[in-house]
There are 2 protein chains.
Amino acid sequence: MRLRAKGIEKLSPRELRLRIRRGEWAKPTAGLAMGYAQANVVILPYRYAFDFFLFCHRNPKPCPVLEVLAPGQYEIDSFASGADIRTDVPRYNVFRHGDLKDTRKDIQELWQDDFVTFFLGCSFTFEEALIKTHIPVRHIEEGKNVPMYITNIPCRDGGIFRGPLIVTMRPIPLEKVTRAVQITARYPFVHGSPVHIGSPEKIGIKDLSGPDFGEAVKVKQGETPVFWACGVTPQAALLNAKPDICITHTPGHMFVSDMLNEELATS
Amino acid sequence: MRLRAKGIEKLSPRELRLRIRRGEWAKPTAGLAMGYAQANVVILPYRYAFDFFLFCHRNPKPCPVLEVLAPGQYEIDSFASGADIRTDVPRYNVFRHGDLKDTRKDIQELWQDDFVTFFLGCSFTFEEALIKTHIPVRHIEEGKNVPMYITNIPCRDGGIFRGPLIVTMRPIPLEKVTRAVQITARYPFVHGSPVHIGSPEKIGIKDLSGPDFGEAVKVKQGETPVFWACGVTPQAALLNAKPDICITHTPGHMFVSDMLNEELATS
């Protein structure tokens, strides 16, 4: 069997999704299907969908919308051929009234005809681009989850959805900061250019060693902390809004698309 | 009175909107508040708003969404300080079930609590950028409305909204085509880079001298026709969908924002 013999990291996005659909891969997707865009997933009943769309559109850096499915649509005909959103994410989080109630490998039994699925860009894409140009990505070097911080910058409200901007931090050597801005600016659909460079206290971050989510990483001599908008921002807004049901991917367990990272570059 | 003495073309966006609000300007806005972004306006009841948002998101070149107001919101707090969407467009078209029923200078009497307003980018922004770099814009030179053509390229469906891509054509000197691509690519929120260069018949256009909307312009020796996605595309999709009510700006009578064209550039 070709699929069994082949290493998981060598599978194409389609092969990987099929393996996930069969329940054979329920772990994080970092490092898999390299070169292809992975996406955050948010599934909501139709009555919340316009507000969430508005929240994302008004906050494009933390919430870059890659694709939206029509109400009730679970088969994907666009950026992930043959995919089924009910089965093709390795692990789902199920929230009810803002509380995490369940984590599961498929959501076929929970599917509702009025569910609307949003796919949001993920920073894996620009991290690959940074590494390819010899810009270090510290949390990958240290084998950690990226450090994330709640800022004092409010997002623009979108109906019932509101909350602060949450950022990730990557320490960048001073002489490479400009290049890091240029590279990530090429990818507006995966958080784009930094939202802040250099002074954590100006955006309400008191202690870099105590991130609100993820793990702290070392900032070396000659490096400056650079902050990018983070995909946890919409999740926090979702939890604040407390919709009666909402399903997301489990963090790190992303939806893997057929779209090349380079197809997301603007220039 | 300063406002009376000042030429209309010299007014700031805010001053111009106030004059429009008082009913003193109900003509086209081309050439006014130069340097500032003007926008297409689409106003729909909430029940159609998600589908229209989806249609725009899936067709970003013809339908670049600059801003969306919350349901019922008519005062604008974001990109046009102090503006009121019920009064600050020079002229409105009112469609019922897909038919143009009325043209008026304000819509205060028609306003509904469930109206959602979309602002879409307008090619005036990139035409200014082309002219500034000595790339000719023929219909402006000839004092005409831009020629527009219905193509054989279908838009992606967004719920009830569907239809063909409609394009504008500008003849560009062969040696300036690359530069025209580069310049317009900087402005993805106002239709961005061309959708086609050089072969009208490949996109279903049989006769350049017979545009579907607007007026034909001369294509000179040594020029190639270059096609950009057009803001009439969403209007056509709206007419196909026949919502019971829909209000747009009257073509050419745009909403003038406080946003600089350069604020819309990505690089």
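Please refer to the structure placed before this passage.
A brief look at the structure comes next. In this numbering scheme, every chain counts its residues from 1 along its sequence in written order. Both sets of labels track the order of writing: A upward for chains, 1 upward for ligands. Restriction of local features to residues with pLDDT of at least 70 applies here, the model being predicted, together with a cutoff of 80 or more for giving and counting side-chain atom pairs; totals for whole chains, interfaces and linings are based on all residues. Note: side-chain values were computed over all heavy atoms of the structure, leaving out hydrogens and water.

## What about the side chain of B:Arg170?
All names here are of chain B.
Part 1 of the argument: Secondary structure counts use DSSP, requiring at least four H or I residues in a row for a helix and at least two E residues in a row for a strand, with both numbered from the N terminus. Its place among the elements puts Arg170 in strand S9 (residues 164-173).
Part 2 of the argument: Of the polar contacts made by the side chain of Arg170, one reaches the side chain of Glu127; its length is 2.7 Å.
Part 3 of the argument: Contacts: residue pairs with any heavy atoms within 4.5 Å of one another. The contact partners of Arg170, leaving out residues within four places of it in the chain, are Ser123, Phe126, Glu127, Leu130, Val137, His139, Val146, Thr224, Pro225, Val226 and Trp228. Think of a polar contact as two N or O atoms within 3.5 Å of one another; within protein, one of them needs to be a possible hydrogen donor and the other a possible acceptor, and neighboring residues in sequence only count if both atoms come from side chains.

## Observations regarding the sheet that holds strand S9 (residues 164-173) of chain A
All names here are of chain A.
Part 1 of the argument: Being paired, for any two strands, means DSSP has found at least two bridges between them. Strand order in the open sheet formed by four strands is S8-S9-S11-S10, with antiparallel pairing between adjacent strands. Looking along the sheet, the strands with just one partner apiece sit at the ends: strand S8 (148-154) and strand S10 (196-197).
Part 2 of the argument: Across four bridges, the pairing between S8 and S9 is antiparallel. Within S9, the position partnered with Met148 by the bridge is Thr168.
Part 3 of the argument: Sitting on the sheet, helix H6 (residues 177-185) touches S9, S10 and strand S11 (223-229), and the angle it makes with S11 is about 15°. Between the N-to-C directions of two axes lies an angle of 0 to 180 degrees, each axis being a line fitted to C-alpha atoms and, for a helix, fitted only over the stretch in contact.

## A few points about the interface of chain A and chain B
Part 1 of the argument: Listed per partner, the contact involves 20 residues of chain A and 20 residues of chain B.
Part 2 of the argument: Buried surface at the junction of chain A and chain B, summed over both partners, amounts to about 1,600 Å²; 61% is from carbon and sulfur atoms.
Part 3 of the argument: Here the quantity called buried area is the accessible surface, traced with a 1.4 Å probe, that two parts lose on coming together, added over both. Sorting the residues of chain A by area buried against chain B places A:Phe50, A:Phe53 and A:His57 first, and these three jointly supply 41% of that buried surface.
Part 4 of the argument: What counts as a salt bridge is simple: a side-chain nitrogen of Lys or Arg found within 4 Å of a carboxyl oxygen of Asp or Glu. Here chain A and chain B share four salt bridges between them.
Part 5 of the argument: Of the charged contacts in the structure, one is a salt bridge between B:Glu67 and A:Arg58, with a shortest N-O distance of 3.8 Å.
Part 6 of the argument: Joining chain A to chain B, the criterion identifies six residue pairs in polar contact (both at pLDDT 80 or more).
Part 7 of the argument: For the side of chain A that touches chain B, the secondary structure elements donating two or more residues are helix H3 (46-58), strand S2 (65-68) and strand S7 (115-121) of chain A.
Part 8 of the argument: At eight residues, the largest contribution of residues to the side of chain A that touches chain B is made by H3(A).

## A word on the side chain of B:Thr87
Residues and elements named next belong to chain B.
Part 1 of the argument: Structurally, Thr87 can be placed in the loop between strand S4 (83-84) and strand S5 (92-96).
Part 2 of the argument: For every residue, the accessible area (1.4 Å probe, protein chains only) is compared with the maximum for its type, and the residue is labelled buried under 20%, exposed over 50%, or partly exposed between those bounds. Overall, the relative accessible area of 6% leaves Thr87 in the buried class.
Part 3 of the argument: When residues no more than four places from it in sequence are discounted, the contact partners of Thr87 are Ile20, Arg21, Tyr92, Lys105, Asp106 and Gln108.

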